[in-house]
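Given next are the chains, with one letter for each unit.
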Amino acid sequence: MMKKIAVLGSSGSIGQNTLRVIEQFPNEFRVTCLTVRRQVDVLFKQVQTFHPDRVVVAEPGSRTDILKRMEDLGTRVLTGEDALSACLEEDASDLVVNALVGAVGLMPTLKAIEKKKKIALANKETLVMAGEIVTSEAKKHGVSIIPVDSEHSAIFQCLAGEDSKTIERIVLTGSGGPFLTRAKKDFKSITVDEALSHPNWSMGKKITIDSATLMNKGLEVIEARWLFQVPLEKIEIIIHPQSIIHSMVVFIDGSVKAQLGVPDMKLPIQYALFYPERRPSSFERLDFTKIRELSFYKTDPDKFPSLKLAAEALQKGGTLPAVLNGANEEAVQQFLEGKIPFNRIMELIQASMCEHSWIASPSIEEILQADRWSRRFVRQKI
Ligand code: MG
């Protein structure tokens, strides 16, 4: 039987890689739904190839001509910010790949859970903002959340066949980004182009900046806490510049399992699409004789305060992780637009976390309010 798949955020890096994997298995998958924010030209090509039942364009602008051409191909086109959740309401998919970037990924995840669809989750912000609610809703509805983030896929693969009670420690590896060896005093002169050139992974802009500030690793700690239900004390971050080991699990008997591979997001995507099966691929293989070095370093919390901020947000919980996330998204956007220097990103996040009126056990609406508040706060400070 063919698996029916919806890809949310199909024009982004994960979305496009997902469709590349799907293309390799024409008899296994049928694409029911694709969604983009504004990239209608990319979407049009995808519609020609995959013939989904429906597409969503959140911000169509004035491109009604191309939307009409998609309708002519037999695909229903929905537009506007609310169309995404409405689309999932009717969509026939069994599996939703959430490859949206940022806080906009939260509500579609909850909608997919409500509709009892399996979720391949690349949108870590969903779990950062509302990890407790999302994971308990998923449990209540019997929905499995399969990680697509490479570190979490690695941990998930290491845990296959293991009892989670036997986890002593999770070791999240990170490349350290492009500024691992740059002095902190030079951070204010970092340019957008420098921050966008990641040494190992090719990714979208937001996550590439998050990798440069190490906030990506901070968000991934929160993501791991909810996905694997382990406390903060059991999650360790190790800098591993070669990005060959994608993460590890240390078990209570001292045994360590690691997942290795060439850095290519198609691998964790394919694993999530077929889980619990493992299928052949033609992806590049590791050549061990060419790996000269696997090195590991401690993180420097003074140089990269993002890790402390994320740990504080996770520990305090409530609305604070949503504020961390919202302020980060807004500050990264302002940096990308050239409005603030690189080192201001962390200062703005910290300020928003200090000024926020914290709620201990928020509803989803209160989490969304905290998100909006933090973005406004950051814009006002600039
Ligand atoms: Mg990652």
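Sequence order sets the numbering: in each chain, residues are counted from 1 along the sequence as written. Reporting of local features is limited, given that this is a predicted model, to residues whose pLDDT is at least 70; pairs of side-chain atoms are given and counted only at 80 or more, and all residues count toward the totals for whole chains, interfaces and linings. Note that the side-chain values use all heavy atoms of the structure and ignore hydrogens as well as water.

A.B. asks: Help me understand the nonpolar core in this model?
C.D. replies: Across soluble globular proteins, nonpolar side chains have a tendency to be buried as a group. Grouping buried Ala, Val, Leu, Ile, Met, Phe, Trp, Tyr and Cys residues that are joined through side-chain atoms within 4.5 Å yields what is termed a nonpolar core. Residue burial is assigned from relative accessible area. The probe radius is 1.4 Å, only protein chains are included, and a residue is buried under 20% of its type maximum, exposed over 50%, and partly exposed in between. Leu324 and Ile345 are the most contacted members of the largest nonpolar core, which totals 119 residues. Note on contacts: a residue pair qualifies if any of its non-hydrogen atoms lie within 4.5 Å across the two residues. Residues in contact with Ile345, not counting those within four places in the same chain, are Ile209, Thr213, Asn328, Ala331, Val332, Phe335 and Ile340. Ranked by size, the runner-up nonpolar core spans five residues in total, among them Ile238, Ile245, Met248 and Val250.

A.B. asks: Any chance you could explain the pattern of salt bridges here in plain terms?
C.D. replies: When the charged atoms of two side chains with opposite charge come close together, those side chains can pair. When a carboxyl oxygen of Asp or Glu is within 4 Å of a side-chain nitrogen of Lys or Arg, the pair counts as a salt bridge. Throughout the structure, instances matching the rule amount to 33 salt bridges. Notably, a salt bridge pairs Asp163 with Lys165, separated by 3.7 Å at the nearest N-O pair. The exposed category is assigned to Lys165, whose relative accessible area is 68%. Put simply, Glu329 and Arg375 hold a salt bridge, and the shortest N to O gap is 2.7 Å. Within this pair, whereas Glu329 is found in helix 13 (residues 320–336), its partner Arg375 is found in helix 15 (residues 364–381), the two being separated by 46 residues in sequence. Each member of the pair, Glu329 as well as Arg375, is classed as buried. Ionic contacts of the salt-bridge type, sharing partners, join the residues Lys124, Asp149, Glu151, Lys217 and Glu220 into one network. Secondary structure elements are defined from DSSP: runs of H or I of at least 4 residues count as helices, runs of E of at least 2 residues count as strands, and each element is numbered from the N terminus.

A.B. asks: When you look at the side chain of Gln259 in this model, what are you seeing that I'm missing?
C.D. replies: Mapped onto the secondary structure, Gln259 falls in strand 11 (residues 256–260). Using a relative accessible area of 11% as the deciding quantity, one classes Gln259 as buried. Not counting chain neighbours up to four residues away, the residues in contact with Gln259 comprise Ala154, Gln157, Cys158, Ile244, Ile245, His246, Ser247 and Leu267.

A.B. asks: Is there a simple way to explain the coordination of the magnesium ion in this structure?
C.D. replies: Any two of four tetrahedral donors ideally make an angle of 109.5 degrees at the metal, while pairs among six octahedral donors ideally make 90 or 180 degrees. Sites may look incomplete because water is not among the atoms; the donors themselves are N, O and S atoms within 2.8 Å of the metal, or within 3.2 Å for Na, K and Ca. The protein atoms that coordinate the magnesium ion are Asp149 (OD), Glu151 (OE) and Glu220 (OE), at distances spanning 2.0 to 2.2 Å. In the primary sequence, the donor residues of the magnesium ion line up as D-x1-E-x68-E. Residue Asp149 is found in the loop between strand 7 (145–147) and helix 7 (150–158), and its partner Glu220 is found in helix 10 (residues 215–228); the two are separated by 71 residues along the sequence. Each member of the pair, Asp149 as well as Glu220, is classed as buried.

A.B. asks: Can you help me understand the environment of Pro362 in this one?
C.D. replies: By the secondary structure assignment, Pro362 is in the loop between helix 14 (344–355) and helix 15. The buried category is assigned to Pro362, whose relative accessible area is 13%. In this structure the C-alpha to C-alpha distance between Pro362 and Thr319, which are 43 residues apart in sequence, comes to 6.4 Å. The contacts of Pro362, once residues within four sequence positions are left out, are Ile133, Gly318, Thr319 and Ile367.

A.B. asks: What exactly am I supposed to notice about the side chain of His198 here?
C.D. replies: In this structure, His198 sits in the loop between helix 8 (192–195) and helix 9 (205–213). Relative accessible area serves as the criterion here: at 13%, His198 is assigned to the buried category. Within the structure, the side chain of His198 is placed 3.1 Å from the backbone nitrogen of Asn200, a separation counted as a polar contact. Apart from residues no more than four positions distant in its own chain, His198 is found in contact with Ser175, Gly177, Met203, Thr208 and Ser211. Between N or O atoms, a polar contact is any pair within 3.5 Å; within protein, one atom must be a potential hydrogen donor and the other a potential acceptor, and residues adjacent in sequence are included only when both atoms are from side chains.

A.B. asks: Is there a simple way to explain unusual backbone geometry in this structure?
C.D. replies: A negative phi holds for most residues other than glycine; trans holds for most peptide bonds. Of note, the amide linkage connecting Tyr275 to Pro276 takes the cis form, showing an omega dihedral of 10°. If you trace the backbone, Pro276 turns up in the loop between helix 11 (266–274) and helix 12 (306–316). Positive phi, close to 60°, is recorded for Lys116, a residue that is not glycine. Note on placement: Lys116 falls in the loop between helix 5 (106–114) and strand 6 (118–121). Positive phi, close to 55°, is recorded for Gln229, a residue that is not glycine. Residue placement: Gln229 occurs in the loop between helix 10 and strand 9 (235–239).

A.B. asks: How should I be thinking about the packing of aromatic side chains in this particular structure?
C.D. replies: Centre-to-centre distance and the angle between the planes together describe a pair of aromatic rings. For this analysis, a ring pair means two rings from Phe, Tyr or Trp (six-membered ring only for Trp) whose centres lie within 6.5 Å, classed as stacked if their planes differ by under 30 degrees, edge-to-face if by over 60, and tilted for the remaining angles. Following the criterion strictly, the structure yields twelve aromatic pairs and no others. Each ring, one from Phe179 and one from Phe342, has its centre 5.3 Å from the other, and the planes form 70°; the classification is edge-to-face. With Phe179 in the loop between strand 8 (167–174) and helix 8 and Phe342 in the loop between helix 13 and helix 14, this residue pair connects regions lying 163 residues apart in the sequence. Aromatic ring contacts, followed pair by pair, group Phe179, Phe187, Phe304, Phe335 and Phe342 into a single cluster. Lysine and arginine charges are scored as sitting over a ring when NZ or CZ, respectively, is within 6 Å of the ring centre and within 35 degrees of the ring normal. It is Arg225 that lies over the ring of Trp226; its NZ or CZ is 3.9 Å from the centre. It is Lys316 that lies over the ring of Trp358; its NZ or CZ is 4.4 Å from the centre.

A.B. asks: So what exactly am I meant to see when it comes to the sheet that holds strand 9 here?
C.D. replies: Adjacent strands of a sheet form backbone hydrogen bonds with each other and so pair up, either parallel or antiparallel. A pair of strands counts as paired when DSSP detects no fewer than two bridges linking them. An order of 9-8-10-11 is seen for the four strands of this open sheet, with the pairing classed as mixed. Two strands lie at the open edges of the sheet, namely strand 9 and strand 11, each paired on one side alone. Direction aside, the axes of adjacent strands within the sheet are offset by 20° on average. Strand direction decides the pairing type here: strand 8 and strand 9, joined by five bridges, are parallel. Residue Gly174 lies in a different strand from strand 9, and its bridge partner there is Ile239. Interaxial angles span 0 to 180 degrees and are taken between N-to-C directions of axes, which are lines fitted to C-alpha atoms, for helices over the stretch in contact. Across the sheet, helix 7 is in contact with strand 8, strand 10 (245–251) and strand 11; its angle to strand 10 comes to roughly 40°.

Purely geometric numbers; function is a separate question.
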